[in-house]
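Descriptive structure summary
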Amino acid sequence: MAAQDSVEHKYVYDFAEGNKDLKDLLGGKGANLAEMTNLGLPVPPGFTITTEACKAYLATGREPDGLAAQIEAHLESLEREMGRKLGDPQDPLLVSVRSGAKFSMPGMMETVLNVGLNDRSVVGLSAQAGGNDRFAWDSYRRLIQMFGKTVCEVPGEEFEHALDDAKRAKGTQNDLDLDADDLRGLVDAYKKIFAKHTGREFPQEPREQLDLAIRAVFESWNAERAVVYRRQERIPADLGTAVNVVAMVFGNLGADSGTGVAFTRDPGSGAQGIYGDYLANAQGEDVVAGIRNTVPLQELEQLDKKSYDELLDYMARLEEHYKDLCDIEFTIERGKLWMLQTRVGKRTAAAAFVIAGQLVDEGLIDLDEALHRVNGAQLAQLMFPRFQLDHEFQPVAKGIGASPGAASGKVVFTSARAVELAAEGESVILVRRETNPDDLNGMIAAKGILTSRGGKTSHAAVVARGMGKTCVSGADELDVNVPAKKFTVAGQTVNEGDVVSIDGTTGKVYLGEVPVMPSEVVQYFEGELNPEQADDALVKAVHRIMTHADEKRRLRVRTNADTGADAARARRFGAQGIGLCRTEHMFLGDRRELVERLILASTDEEREAALAALLPLQREDFIDIFREMDGLPVTVRLIDPPLHEFLPPLEQLAVNVAVAQERGEDVAKEEALLAAVRRMHEENPMLGLRGVRLGLVIPGLFAMQVRAIAEAAVEVTRSGGSACPEIMVPLVGAVQELETVRAEAEKIIAEVVGDSGVEVLIGTMIEVPRAALTAGQIAEAAQFFSFGTNDLTQMGWGFSRDDVEGAFFWRYLELGIFGISPFESIDREGVGRLVRIAAEEGRAARPGLKLGVCGEHGGDPDSVHFFHEVGLDYVSCSPFRVPVARLEAGRAAITTTGSDSR
Ligand code: PEP
Ligand code: MG
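Predicted model only: the values in this text are computed from it and were never measured.

A word on the overall build of the chain. What the chain contains, in helices and strands, is 36 helices and 33 strands. Counting only C-alpha atoms, the chain reaches 105 × 65 × 65 Å along its principal axes. Of all 902 residues assigned to the chain, the portion counted as buried reaches 56%. A separation of at least 24 residues holds for 68% of the contacts in the chain among residues at least 6 apart in sequence. Carbon together with sulfur atoms contributes 49% to the accessible area of the chain, which is approximately 36900 Å² in total. Seen as two clouds, the 97 positive and the 139 negative side-chain charges of the chain have centres 1 Å apart.

In structure tokens form, the structure reads like this:
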């Protein structure tokens, strides 16, 4: 049975047999070569070996049964079509062997050209090329070089050195000055290098060359650079590459030959027109190597009008056919145009929006398709200021791009200094080992934040994202010495006041000032640019596509915001409410001391005094936010701090007490504080007394917050506004916890709200796995659920969210345990399953239960699609992510047509 299967399995497709929709099987290049062949465009004949064959080879270390015979059959038909035989001494057929995966991975995998040349066929090639000996020997030496390097791992520089030696002997620096004899000599030198490194002669048998080259292309799927590239581009590791075997055509046969690339629109800006480069008398690799300067494609019109017109005609046909920007590689061999490759071209984020808009105008696609052609990652890129890196700037360190953007400023090491210098009008970058809530003012004052520890959900990262502030975290090459006000990196010392620049997208850190440009897309979202009037194709296109996304999406988009200012900005960005107001963020700065008093209170009086002082402050906070969110729901989460964030550091306190005792000072108060801090000290604060647990342990704390929320809502409503508060209880794991809090809260609400007409919902976060698994019970007591996917990921995986990303995720990514941090994009199978279970069981117990998500995943493009699929009502994310979530929610809602915008 197995033998029969393998005989029947089709591993090789002639170009005439494929089409553009077979990318999974034939790779992008093969599928598009087939499509062009079938459109009647002049593609050199050839065939494609499937990704299936590659996968089988990689799995077993040998070619699958039947592959060799199928290659033989297709080679024969290629030979018949060309009227030449592979490596024939008189009139050789030569082929190129090229990789081509489903998703383009430029330069990551291998190519071998001129396969079929050997000591005998080189003579035939020369005759074929009109006695052009130089060309034939140059082709042969290129084969040995490429084959040696890619197939047999001969160090490339050895060939380079031999080439340099040949040029030196000739007294020239230019390859073109080497004549046929020089190149013949070089072939000998190359063969010796080959033999020295491989222990064998360069293979003379054409079919052996072909088989080894195919094998090398298969193996290049797992080359390190390809693996790294895939990880970065989120290309799955198990797709494999196809291999294209194509009859060679030559652009280096004289002035009437050449090679070039063309784009049907500008891939940089999206502007319409003909873009590309041409190089006469050259092969494709010469263009890449930059040996000679190319000329603009338009100049081909003078050089070879017939080919130029033909090319323009094909470009128009391809764009019409693919309904998208295409990029094209072509070669002209003695006045005959050959199309070597086309694909839907890569483009910048800006061009993606502009082109999608243009294609709608041109009637080639509809708005749904335009929406499908752009994505949230592109929009996010357009929303951050950018470095103008055209100058020579080299990064000195690379951390985690924790909150995108570009920022330059003077280095400061403390929050206070950041505030001071910012008040003097300076741009500052706050540099810390890691940040904590006390750094908040400094973070607000700074242009950017740079830490040497912590991952994407570290305090610095989460807070910075919330503020839309640039942050690089976990730059562990930095040795930060806060007391000495300096850090060292790459052997250099950076002192307070020195300027650094950080790129929160790439995680790169630069010394000195890199110029920064603001984002016009943010100016548009802020209402500073009118899309109708803006003389800016990008802003118009973004406006049009966003409007369509809003019309299509089912998910609502809320924001995570703790201040009126954040709420206001998020509203301008399109937020439809607040999904998470983290009240612990309101207990910082001056109020921190009140919270400390509350937590450490040893008598009822002390505690009540602290609560009484906090109540009016909280009420004002909520009034501010309800006003900004007038008429829209505001989910206020009751306080959820890991306790250590509000207590003085134990070690520091112990040292202070010891020093004071030594000096004979009265330390009774400090000792009491130290004892209390010791009592409350936790080894794992993230799993300790926080969230609902704190509310159940400290009498009056939640009650004070509930009262402040209700009073604020009543006041806003009485003054003509409309407040829609939703009180959310954090870290619930058992329905009893929620019931206890709810009973007390309802009493207070009833008392405060009276007949004001204010309605207050009470719900819970689902962020402890147990809550997800008992969602049916919890829903009985909850009017809504909001998934706290940060903690759900932390507790679902058992990964400390502040530590693991910087610590060891590189290894997990390297091993492919996951392709992206589960803190960044929802782990659909594990944590996502908990969400799904809770959503289903929650709604089964309480039909129509309102469901949202407020973890960081709420603004992650892929995760938004998941939340759409699971049937949540809304996602909530930091203000700057709101437009991204709107766009992705729109994309999730449309049915796609299959073209890939990657
Ligand atoms: C969460 O856990 O996902 C959440 C939103 O709460 P926090 O990040 O404040 O713990
Ligand atoms: Mg949480």
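Let us look at the pattern of salt bridges. Applying the stated criterion across every chain, the model contains 60 salt bridges. In this structure, the salt-bridge partner of Glu110 is Arg225, at a minimum N-O distance of 3.7 Å. Highlighted residues: Glu110 in the loop between β5 (95-101) and β6 (111-115) and Arg225 in helix α10 (residues 224-233), separated in sequence by 115 residues. Taking the relative accessible area as the measure of exposure, Glu110 reaches 17% and is therefore buried. Across the pair Arg142 and Asp138 runs a salt bridge, and its minimum N-O distance is 3.1 Å. In this pair, Arg142 and Asp138 both sit in helix α6 (residues 133-152), four residues apart, roughly one turn of the helix. Looking at Arg142, the relative accessible area reads 14%, which means it is buried.

Read around the barrel, eight strands follow the order β26-β27-β28-β29-β30-β31-β32-β33 and close on themselves; strand pairing throughout is parallel. Taking the axes of each pair of neighbouring strands and ignoring which way they run, one obtains an average angle of 25° across the sheet. Both strand β29 (residues 724-729) and strand β30 (residues 761-766) contribute to a ladder of four bridges, which runs parallel. Residue Glu726 lies in a different strand from β30, and its bridge partner there is Leu761. Across the sheet, helix α24 (residues 604-628) is in contact with β27 (578-582), β28 (633-637) and β29; its angle to β28 comes to roughly 155°. Along the sheet, helix α36 (residues 882-893) contacts β26 (556-560) and β33 (874-877); its crossing angle with β26, the most-contacted strand, is approximately 160°.

The magnesium ion (ligand 2) binds to the protein through Glu767 (OE) and Asp791 (OD), with metal-donor distances spanning 2.0 to 2.1 Å. Taken together, the residues span a long stretch of sequence, with Glu767 in the loop between β30 and α30 (769-773) and Asp791 in helix α32 (residues 789-797) at a distance of 24 residues. Each member of the pair Glu767 and Asp791 is classed as buried.

This paragraph deals with the sheet that holds strand β11 (residues 326-333). Strand order in the open sheet formed by five strands is β10-β9-β8-β11-β12, and the pairing between neighbours is antiparallel. The open sheet terminates on both sides in strands that have one partner only, identified here as β10 (295-296) and β12 (336-344). Summarising the sheet, β11 and β12 pair through eight bridges and their orientation is antiparallel. Within the sheet, the bridge partner assigned to Asp327 lies in β12 and is Arg343. Most of the contacts of helix α13 (residues 305-322) go to β12, to which it runs at about 25°, and overall it touches β8 (258-265), β9 (272-280), β11 and β12.

On the surface, Glu620, Asp624, Glu628 and Glu715 cluster together into a patch of negative charge. Ranked by residues supplied to the negative patch, first place goes to α24 with three residues. For Asp624, the location among the structural elements is in helix α24. Residue class for Asp624 comes out partly exposed when judged on its relative accessible area of 40%.

In terms of burial, β30 is largely enclosed, as six of its six residues are buried. You can see the chain leave β29, run along helix α29 (residues 735-753) and come back into β30, and the turn it takes is right-handed. The sheet contact formed by β30 and strand β31 (residues 784-787) spans three bridges and is parallel. By the bridge assignment for β31, Met765 is matched with Ser786.

Below, the discussion takes up the confidence of the model for the chain. Across the chain, the average pLDDT comes to 91, with 97% of residues at 70 or higher. Confidence drops under a pLDDT of 50 for residues 1-6, and excluding neighbours within four residues, the segment shows one contact in the predicted structure. The low-confidence segment residues 896-902, where pLDDT is below 50, has 16 contacts with residues more than four positions distant or belonging to other chains.

So, about the nonpolar core. The nonpolar side chains of a soluble globular protein tend to be buried with one another. Core analysis: the largest hydrophobic core is formed by 156 residues, its most contacted members being Phe353, Leu379, Phe626, Phe785 and Phe787. Not counting chain neighbours up to four residues away, the residues in contact with Phe785 comprise Thr764, Ile766, Ala775, Ile778, Ala779, Ala838, Gly842, Leu849, Lys850, Leu851 and Gly852. Formed by 57 residues, the second largest nonpolar core is a distinct cluster that contains Tyr11, Phe47, Ala162 and Leu183.

Glancing now at unusual backbone geometry. In the Ramachandran plot, Lys323 falls in the positive-phi region, its phi being about 55° despite a non-glycine side chain. Structurally, Lys323 can be placed in the loop between α13 and β11. Using a relative accessible area of 34% as the deciding quantity, one classes Lys323 as partly exposed. For Ala490, which is not glycine, the phi torsion reads 45° and is therefore positive. You can call Ala490 exposed: its relative accessible area is 57%.

A surface patch of nonpolar side chains, amounting to about 280 Å² of accessible area, comprises Trp797, Leu815 and Ile817. Structurally, Trp797 is set in helix α32.

Here we come to the packing of aromatic side chains. Taken as a whole, this structure holds 30 aromatic pairs when the rule is applied. Aromatic side chains Phe135 and Phe250 sit 4.9 Å apart centroid to centroid with 85° between the ring planes, which places their arrangement in the edge-to-face category. Of this pair, Phe135 sits in helix α6 while Phe250 sits in the loop between β7 (241-247) and β8, and the two are 115 residues apart along the sequence. This pair shows no difference in class: Phe135 is buried, exactly as Phe250 is. Measuring from ring centre to ring centre gives 5.6 Å for Phe808 and Phe809, while their planes differ by 70°; the resulting arrangement is edge-to-face. Given a relative accessible area of 28%, Phe808 falls into the partly exposed group.

The next thing to look at is the pairing of β6. Taking burial as the measure, the five residues of β6 include four buried ones, the bulk of the element. Bridge analysis of β5 against β6 gives three bridges, and the strand direction is antiparallel. For Arg98, the partnering residue across the bridge sits in β6 and is Thr111.

Rules used throughout
- Residues numbered from 1 in each chain as written.
- Chains lettered and ligands numbered in written order.
- Predicted model: local features only at pLDDT ≥ 70, side-chain atom pairs only at ≥ 80, totals over all residues.
- Heavy atoms only, no water.
- Helix = DSSP H or I, 4+ residues; strand = E, 2+ residues; numbered from the N terminus.
- Buried < 20%, exposed > 50% of the residue type's maximum accessible area, 1.4 Å probe, protein only.
- Contact = heavy atoms within 4.5 Å.
- Areas by Shrake-Rupley, 256 points an atom, 1.4 Å probe, with all protein chains shown as cover.
- Lys, Arg positive; Asp, Glu negative; His and termini not counted.
- Charge placed at Lys NZ, Arg CZ, Asp CG, Glu CD.
- Salt bridge = Lys/Arg side-chain N within 4 Å of Asp/Glu carboxyl O.
- Pairing = 2+ DSSP bridges.
- Axes fitted to C-alpha atoms, helices over the stretch in contact; angles between N-to-C directions.
- Donors = N, O, S within 2.8 Å, 3.2 Å for Na, K, Ca; no water.
- Patch = residues over 30% accessible without salt bridge, like charges linked within 9 Å, V, L, I, M, F, W, Y side chains within 5 Å.
- Right-handed = clockwise from strand over helix to strand, strands pointing away.
- pLDDT = per-residue confidence, 0-100.
- Core = buried A, V, L, I, M, F, W, Y, C linked by side-chain atoms within 4.5 Å.
- Phe/Tyr/Trp six-rings, centres within 6.5 Å; stacked < 30°, edge-to-face > 60°.

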